[in-house]
Each structure stands twice: as C-alpha cells, then as structure tokens.
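Coordinate analysis (summary)
Here is what each chain is made of, one letter per residue.
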There are 4 protein chains.
Amino acid sequence: MPFFPSKSRLAHIVFEHDDRASKTFDVVILIAILISVGIVILDSVSDLHFSYGRIFYILEWVFTLLFTVEYGLRVWLSKRKAGYIFSFYGLVDLLAIIPTYLSIFVMNTQFLVVIRSLRLLRVIRVLKLGRYLKDAEFLSEALRASRNKIQIFIGSMITIVLIAGTVMYIVEGPDSGYTSIPMAMYWSIVTLTTVGFGDITPITPLGKLMASIIMLIGYGIIAVPTGIVTSEMTLAKSKKKLADARACRKCHQLIFDNDALFCKYCGEEMPKLK
Amino acid sequence: MPFFPSKSRLAHIVFEHDDRASKTFDVVILIAILISVGIVILDSVSDLHFSYGRIFYILEWVFTLLFTVEYGLRVWLSKRKAGYIFSFYGLVDLLAIIPTYLSIFVMNTQFLVVIRSLRLLRVIRVLKLGRYLKDAEFLSEALRASRNKIQIFIGSMITIVLIAGTVMYIVEGPDSGYTSIPMAMYWSIVTLTTVGFGDITPITPLGKLMASIIMLIGYGIIAVPTGIVTSEMTLAKSKKKLADARACRKCHQLIFDNDALFCKYCGEEMPKLK
Amino acid sequence: MPFFPSKSRLAHIVFEHDDRASKTFDVVILIAILISVGIVILDSVSDLHFSYGRIFYILEWVFTLLFTVEYGLRVWLSKRKAGYIFSFYGLVDLLAIIPTYLSIFVMNTQFLVVIRSLRLLRVIRVLKLGRYLKDAEFLSEALRASRNKIQIFIGSMITIVLIAGTVMYIVEGPDSGYTSIPMAMYWSIVTLTTVGFGDITPITPLGKLMASIIMLIGYGIIAVPTGIVTSEMTLAKSKKKLADARACRKCHQLIFDNDALFCKYCGEEMPKLK
Amino acid sequence: MPFFPSKSRLAHIVFEHDDRASKTFDVVILIAILISVGIVILDSVSDLHFSYGRIFYILEWVFTLLFTVEYGLRVWLSKRKAGYIFSFYGLVDLLAIIPTYLSIFVMNTQFLVVIRSLRLLRVIRVLKLGRYLKDAEFLSEALRASRNKIQIFIGSMITIVLIAGTVMYIVEGPDSGYTSIPMAMYWSIVTLTTVGFGDITPITPLGKLMASIIMLIGYGIIAVPTGIVTSEMTLAKSKKKLADARACRKCHQLIFDNDALFCKYCGEEMPKLK
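Given the structure is predicted, the values throughout are model-derived calculations rather than measurements.

**Describing the overall build of chain A**
Tallying secondary structure elements over chain A gives 13 helices and two strands in all. When each of the 274 residues of chain A is scored for burial, the buried share is 49%. Contacts in chain A between residues at least 24 apart in sequence constitute 51% of all its contacts with a sequence separation of at least 6. For chain A, the exposed area adds up to about 13900 Å²; of that, 68% sits on carbon and sulfur atoms.

Below, the structure is given as structure tokens:
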C-alpha cells in the first residue's frame, strides 16, 4: 500500500467493508464515535465537567476535526455528491460535526446545552453497521410485518388513555394532582404501561377503585402487542421450517433435515430438496 | 354535482364511504371530532382556559352546531329513524352534542366540569371508522376468541387480590397505610399488575417478605394473559397458512405458496387450490 | 317436591348440580358467600364500621348460621363423613364458620382482627365452582405442564435476587436504605419484577449503574415465564388441531374440519376421522 | 461400608451421584451451603447481628471448616489437581472459604462488609446441581438460541436509552432532577423497563409529553424479547413433536402418538418410528 493511496483505492477504503484497510477504517471510525459520545455524556456531569472540562474540550475538537476530515472525504469520493449529502446518513454525518463549530459563536449557555447534546446524534451513525447483522434483519422484519397491527393497537390505547384520563379527572380532580385532562392522561399512560411513578396517585376511594379497573385493563392489554410480535416471529420461522419438510416415499415419515439424502428411518433415497 | 343534492344523494354522502363526496364528508367530520376533542382537553388546563377560554368557547359552539346539523341529517335521512336514534352510535352522537346545550342552564361549576368532560365521548365516534380496518378485525377476533379465558383469569386474579390484600392487612395493618381490606386490595392490584406506585409500601420485615412473594406471583401470572392472546393469534394465522398447504403428488413435499401451478421441487403439476 | 324432601333427595340437592333444585341451592350458597365476603371487606373500613357495624354484625351471624346449617347438612349427608370433614374443601367450609363463633370468646382486639379476616377464607369455596368451567381446565392444564419449568425459573430468580441484593448492599449500603441483605433482596425483587415502588432507590452513581443493569436483566428474563406458558398453550392447541388433520386421497390437500365427509376442494370422499 | 473408606471409594462418594453414600454427601453439602448462606444474610440485619452475632460467628467457622475439608478432599482426590483448582467451580469453591480466613486479618469494618458478603458466592455452588435437571437444560437451550437476538435487542435499547435520556435532559434539565445525561439515561432505563421508581419524574408539560411517548415505546418493545424467547421455545418443542409425526399409508392421516403400532383411524399397521 503506497503512502498516498489513489483516489479509487481511497473510495474503496471509505465505502467498502471487504478487506483489511477498509475494515480498519470502519473500526477506527466506530471507536471514535463511541469515545466522542462517551465524552459528551460524561461532560454533562457537572463534577466531571469542572475537573476534566478542559480535556473533554480538547478531545471534542480532535474528534470533530477527525469527523470533518471523514465527511470531506465522503463528499469528495462520492460519485453522486448531492446524493450522499442529502441522504439520511449524509445529514446525520453533517449534524454530528456542526454543533461543535456552532458552539464557538453561541454565548447563551442555555442554548449551548441543547447544541452540545445534538452531538449525541453521532450514535445514530453506529446504526449504519447494524444493517450488516443478519439477526437484526430478522427482528426488524418481524416488527415491520406487525407494524399495521401495532399502529391500530397504539390508536386504541390512545382512546383508552383519553377515556381513563377523563374519568380520573372527574373523579379525583385537581386536589389529588389531576389538575387537567392532559395531566390525567399522562397519569393514565404511566399506569396503563405499568410504569407507575407514583408522582400522582388516586386518593379518594372511588378514584382508587377506578384506578384498580384501569390497572387490570392495562394488565390485560399488555398481552396484545406481545401476542402480535410473538405470533409474527413464530410463524416466520415455522414457515421456513415447514418449507424444508419432506415425506419419505417408503415409510411416510416427515424429514426436516434439509441435507438428508436418505431417509434416516428406513434408508430409502430422499427426493432432492429445492 | 348540483348545489342542492337530492335527498337520496345526501343519504349516500352521509352513510356510504365509496366515492369522493362521501369520503370528504367522513374526513371533515373526523377532523372536526379530533379538533373539538383537542379543545375540550386543552380547555381543562387552567392556564390555557384563562388565556384562550373565549376562543375555545366560540369554537366549541361552532363544532356543536356542526355536529347538531350532522345529527339532524342522520335522523332525517335514516330509513328507520328509531333504529338509528337508539343504536349505540346514535346515542353517542346525541351525547356528544347535549353537554354543550346543557351547560347554558347549569350554574354549579362542579357539575359543569362533569358535563364538559362528557363531550369527550365524541372520541368514541372515531371508533366507528375502525370497523373498516382489516387488521383491527383480526385483533378484535383474537381478543373475542380469548374472552372466556380472560374472564376466568380476571376471576382468579380477583381471588388472589382478595387473599393477598387480607394477608397484607393483617400483617402490616393501619400504621403502614393498609387502613382497610379494600385499601390493601388496591395495593395488591397495584403490586400484582407490576404498576407499583409506591404510595403504600410494606414497612415491617414480615410485610416485605409477603410483598416479595406476592410480587413473584404477579410476575409469574403475567404470563397467562399473554399466553392466551398469543396462542390464539398464532393459531388463527397458522390455521390460515396450513389451509393453503398442498402435498405434491409426485415428490410428496409440502407446498405453501398458494399461487404455485407446478411443484417447485420436481416440476409435477400441482392440484388447484380451493 | 314435598315440603320435607327425603334424605337421598336432599343429598342430591346438596352434592349434585344437574336439576333445578340443586342448581338453586348452589346459586343461593354462592350469593351468600359473596355477600358475606363483601360484608367482611366493608366492615374493615373504619368509617363504615362505625356507621353500619351493628347491621354488619347481625348479617354476619345470619350468614354464619346459614353456613353452619349447610356444613351440618354436608356432614350428615356424606356417605364417608370423615372423608368430607378432612378433605380440603371440608376444612375450608369449617374454617369459614369457626371465626365468628371464636370472636365471642376473644377480647383482645388485635387478635380479633386476625380472626375476623379469616372469614375471608370463604372465598376459596367459590373456587369449587371453577372446576366445572371447561376453559379453566385448559388454563390450569397449561400451568401444570409448565410447573417444572416455572419452579426452575423461580429458583434461578432467587439466585439472581440474592446476587443482585448483595451487590446493591455492598455498593449502596445502609445510608441509601439498603440496611441489610434481606432489605436489598426485597429491593431486588421489587425491581426485577418491574414493580418499582420507589420506597428504596439507589443514590450513588455506581448504585444507579448497577440498578440499571439489574433492570435490563429483569426486562430480559420477564420473557422466560411468558415464553414457557405461551409455548405450552400454543402446542396444546396445535396438537389438538393437527390431530384432526387429514389429507385428501385425491387432491392431497390437508383438511382440518373434523366433520368433513367430502374433500371441500375436489369432492372426493374423506376417510372417516377417529 | 468400612469405617475408613478407600481413596477410590471416597473419590466415588465425592464426585459421583449414583449410590446412597454419594447422594447423602451431596445432600449434606447442599444443606450446609443453604444454611451458611442463610446465616450470612441474617447476620447482615443489625438487630440479629447484635442478638445472635456470637452464634452466627461460631456457626460460620463450623461451616468454613467443613467446606475447607471438602475442598481439601476434592483437591486430594482429583486425578488432574490443577484442572479442578483452576476450573470455574474449583475457583468458586475456593472463594467460598477464603473470606472467613481473611476476616481475621482485616480490621477495616467497611472492607469487612465486602469480604463477608463475598461468602454469598457459595450460592453459585448450588447451580452445579442444576446441571442435572432436564427442564433447566431445555430453558437454557432456548435462551442460548435467542442469545444473538437478545444482544441486538439490548444494543438497540441502549441507543433508545441514549436518545430518550438526551431528550429528557434537554427538555427537563437539572431543576427536575435530570442533573446530567447519565442521570437522564438512568431515568430512561427505569421508565422503558416499566419499573418506574418515581425518584425522578418529569415536571414540565413538555417533559410529561416526552415521557408519555417514551413509555408507549417501552410498552411496545417489551414485546420483542418475549417474542424472541417464546417463538424459540415453541419451535424447539414443535420440532420435537413434528419429528414424531407419521402419515398412515392407507388413510393418510397424521399420527403423533410415538408408540402407535397401528393407525388409530383405519387399523393399518404403522411404519416403525426411528
């Protein structure tokens, strides 16, 4: 590998994942993302900010320059520059470096907190790698197949939340903390999802009775999204398995091993699969 | 489309959902329902009530008049007027407009809150549209099939709640907040459904031990409603899929593609499905 | 029906459930149980006790005498008296009436609370009826089949609780409320079952990190009991369904309707089922 | 059995589990482990430590000496001594006795608490017995098969936690207790796992809205790990059951009873299984 690789070689390193140099590039960027995300997180802890703020500041600039170089490379090496710049990951790559430059010009500390936090968008870049994981594909497929049903479920839940919230607002009222219908709806979501913070709780006997009924409903319907996803997953798999089933011509037993040449029960030659 | 449509044309627009005019009518009503529900919710927030109360009041009357006209149209256009008026959705349509008119005559503010909240019943009207969603049908069918089992499950849970509540009432007593058996039963429901508000918690060691056992039981039985719904859903689907299965006459392999004309493994012509 | 039924007729009324008289007897006893349980519950609310204590006291004696007569009848009419008296439901029937009689002799109010609460054991008698429900059988069968696995699961959970509790006890210590290992184990159960009362919460950063890990573990393993029960239920049902499957001799399609005489796809006569 | 058993006989008693002497040895050690673990737990309760500390101290030494003798025996009787000493269970056996000896030399009470708690590692030794349970094998197999998917799921959850935590940190800020991003991430985990301690809760309306969305997401994704484990378990079982299926040669019905010699529908002799 020459010291200055050719432009096409460089494009290969940046965009592909199939040899040592390109894999090393991916791993270096991945580690840089994770460390820089870690720094943003730690920097938000005031104790650590006071002690190590300077180091975090310097490291932040190092990583920002690294990501800027990487972004520049990607734009320069892309065949369709606009295509990359306005793609989802292109925008994420850009948004991951802008906040640091912006922070130079911003004096308002309140706004600075928001800008700094935006740097955490870098973590989305890690998801890019998730696309190469086979099992992740299986998961997202099962979720996609159940999307319609989950939307309908969320829809019906919002209706339940609205009714439950209104009932609690009427029954308990502002004295118990249910100061408005949105507040009571927030309480309903906290309760129906079984999170149960306890920041607002029913006080009157009738309110406790209503809350009990709402909790039992929540307990009952938690089964629904689980059922949707589970049945989708089970069937996706069982379909694959059943498609591999062959019945032996002689002994009529079902064979599921898709590499069997002979029936494992009677020795008869099996029909070829696929 | 003439400016004044005929009565039969109007009935088509109001009751059907199959051409542009009738779909537009549905969408306008849907949006009006959602906005008016939003107004009732926002009006319950005292800050917003003080600032925008007047606007909310005017909008509320606009929507009420709109819904009144719609209700009048539905009654006038129905072939069986009594049938519509006393149907479930007919009553909901009526209850959605009455509160606003009632609020003119009511001076008692406490009662006014209740009456105003009743306007949220309008949200139930949105459910009418749910009937046309295919996946919603699938969901409600799975729930209907498991209804018996869910009832039995709720029945056994009430028994567990009663026993758990009594035990905690005896063990902890009024000093820890378990002031009565109903109160202890409320706590049991909060705990068994894993909501866990924390408004009442065991204080004595024996109470904590009992609570731990109750929590583990709740954790164990949460599996039951999930199991019921999931198995119902999985089987409803797998039944549908298996009904499409055909065995090839020549190579005996099972084919699940319902549009296959020839066996994809050996080329033999497949028997026609259905 | 004569005014004084014969002993054998009386035994039929008390023990069987197949004609009008015996069903009426069952329903009367069921209602009496539910009302008397309701009275015990309401009597534990101090407001109601002060207002209606006298009425509750009289009703309690009425029901106790009714249950005493019923218990006497059951003993008298049983062919194997000792068999009934020492059976599970025989003991429950006895324990349901003893507390009221005992309360005459007990002066200690603290002890009186316990004795009175024991009357709630009557609710167990309701379970007797559950045995005649077909779906309840299905549920309890699925639970019985998964019993071994649930025991092992509970066993591993206790180990996790012990380790998690010890870790939190060392990391957080008495200052945050983790005053002893049993206390920390109680917290672990509250957390792993996702109840989350919030009466004890981690305060130190390390404690919060450990708690986060424990919560994610709890979130992951909640899937296990659900998986056990669900797969048991799904298979119990699918076994039943597959056992009814027949392949048509002519068109080779699978038929799941167990009352089909002819293939619904090609009209060929089906082989008889069972 | 002679009073001093031979070395090979002793090795059999210690390492095997197939006759009375070796089973008795296992049970004695198991009971000793459970009692000594119980003592460590009870000793951490300060009330009990003050009252029974002396007895606990003596018992602790008795058990430590017993475990030391057992450890010595295992080392002496092992054919490959280093193999045992550096095996997982060999290290656990050693770590279970060292703390008691160490506590003699340690004066620092803070450190003593940690050392004493280490004795609870003994409970891991109980797991050794779990390996002989058939159902435990089934459970761990299902978990192992879903390991990849659970890892990916945990990975995506950490991303969600990071984003949710950042959003809440920006929206609510230090005034509501979200003092840093790690703190807000801790809150996100508490909320997404539906534990909901309530030690930190959103206060501003926007924060409550964001929290509601996060809770609904948590409610939706709780289905995913359940779905993974359940579908894995259902298929592991259904595969086993399908492998036993045989089609009758004459009437084409599927037979699942693996001990059937003749078709239970038409009497035709069944092909032998396996």
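Right, picking up where we left off after that structure.
**Comments concerning the packing of aromatic side chains**
For the coordinates displayed, the defined rule picks out 28 aromatic pairs over all chains. The interplanar angle of 70 degrees and the centroid separation of 5.2 Å between the aromatic rings of Phe88 of chain A and Tyr89 of chain A together place this pair among those described as edge-to-face. According to the relative accessible area criterion, Tyr89 of chain A is buried, its value standing at 18%. With centroids separated by 5.5 Å and ring planes inclined at 75 degrees, the aromatic side chains of Trp61 of chain B and Tyr101 of chain B adopt a geometry described as edge-to-face. In this pair, Trp61 of chain B is assigned in helix H3 (residues 46-77) and Tyr101 of chain B in helix H6 (residues 98-105), connecting sequence segments 40 residues apart.

**Remarks on helix H12 (residues 205-221) of chain B**
For H12 of chain B, with 17 residues, the first-to-last C-alpha span of 24 Å sits near the 24 Å given by 1.5 Å per residue. Taken together, the buried positions of H12 of chain B are Gly207, Lys208, Ala211, Ser212, Ile214, Met215, Leu216, Gly218, Tyr219 and Ile221 of chain B.

**A closer look at the domain arrangement of chain A**
Considered domain by domain, chain A is made up of domain 1 (7-133) and domain 2 (137-245). Distance between the C-alpha centres of domain 1 of chain A and domain 2 of chain A: 37 Å.

**Focus: the pattern of salt bridges**
A full pass over the atoms with the stated rule returns nine salt bridges over all chains. Glu70 of chain C is the partner of Arg74 of chain C in a salt bridge, and the nearest nitrogen-oxygen pair spans 2.8 Å. Of this pair, Arg74 of chain C and Glu70 of chain C are both found in helix H3 (residues 46-77), four residues apart, which corresponds to roughly one turn of the helix. The same class applies to Arg74 of chain C as to Glu70 of chain C, namely buried. Of the charged contacts, one joins Asp19 of chain D and Arg9 of chain D as a salt bridge, the two residues approaching to 3.2 Å between their closest N and O atoms. Separated by 10 residues along the polypeptide, Asp19 of chain D in the loop between helix H1 (7-15) and helix H2 (20-43) and Arg9 of chain D in helix H1 bring together distant segments of the chain. For Asp19 of chain D, a relative accessible area of 24% corresponds to the partly exposed category. When salt bridges that share partners are traced, they join Glu70, Arg74 and Asp93 of chain A into one network.

**Comments concerning the packing of helix H1 (residues 7-15) of chain A against helix H2 (residues 20-43) of chain A**
When two helices pack together, you describe them by how their axes are tilted relative to each other and by the distance separating the axes. Residues and elements named next belong to chain A. Between H1 and H2, whose axes approach to 7 Å, the crossing angle comes to 50 degrees. Looking at the two axes, H1 sits oblique to H2. Note that H1 runs across H2; the crossing there is right-handed. Counted together, Arg9, His12, Ile13 and Val14 of H1 and Ala21, Ser22 and Phe25 of H2 form the full contact between these two elements. For the contact of H1 with H2, the per-class residue count stands at four nonpolar, two polar and one charged.

Procedures and definitions
- Residues numbered from 1 in each chain as written.
- Chains lettered and ligands numbered in written order.
- Predicted model: local features only at pLDDT ≥ 70, side-chain atom pairs only at ≥ 80, totals over all residues.
- Heavy atoms only, no water.
- Helix = DSSP H or I, 4+ residues; strand = E, 2+ residues; numbered from the N terminus.
- Buried < 20%, exposed > 50% of the residue type's maximum accessible area, 1.4 Å probe, protein only.
- Contact = heavy atoms within 4.5 Å.
- Areas by Shrake-Rupley, 256 points an atom, 1.4 Å probe, with all protein chains shown as cover.
- Phe/Tyr/Trp six-rings, centres within 6.5 Å; stacked < 30°, edge-to-face > 60°.
- Expected span 1.5 Å × (residues − 1).
- Domains from an automatic or database assignment.
- Salt bridge = Lys/Arg side-chain N within 4 Å of Asp/Glu carboxyl O.
- Axes fitted to C-alpha atoms, helices over the stretch in contact; angles between N-to-C directions.
- Parallel < 35°, antiparallel > 145°, perpendicular 65-115°, else oblique.
- Left-handed = near helix turned anticlockwise from the far one by under 90°.
- Nonpolar A, V, L, I, M, F, W, Y, C, P; charged D, E, K, R; others polar.

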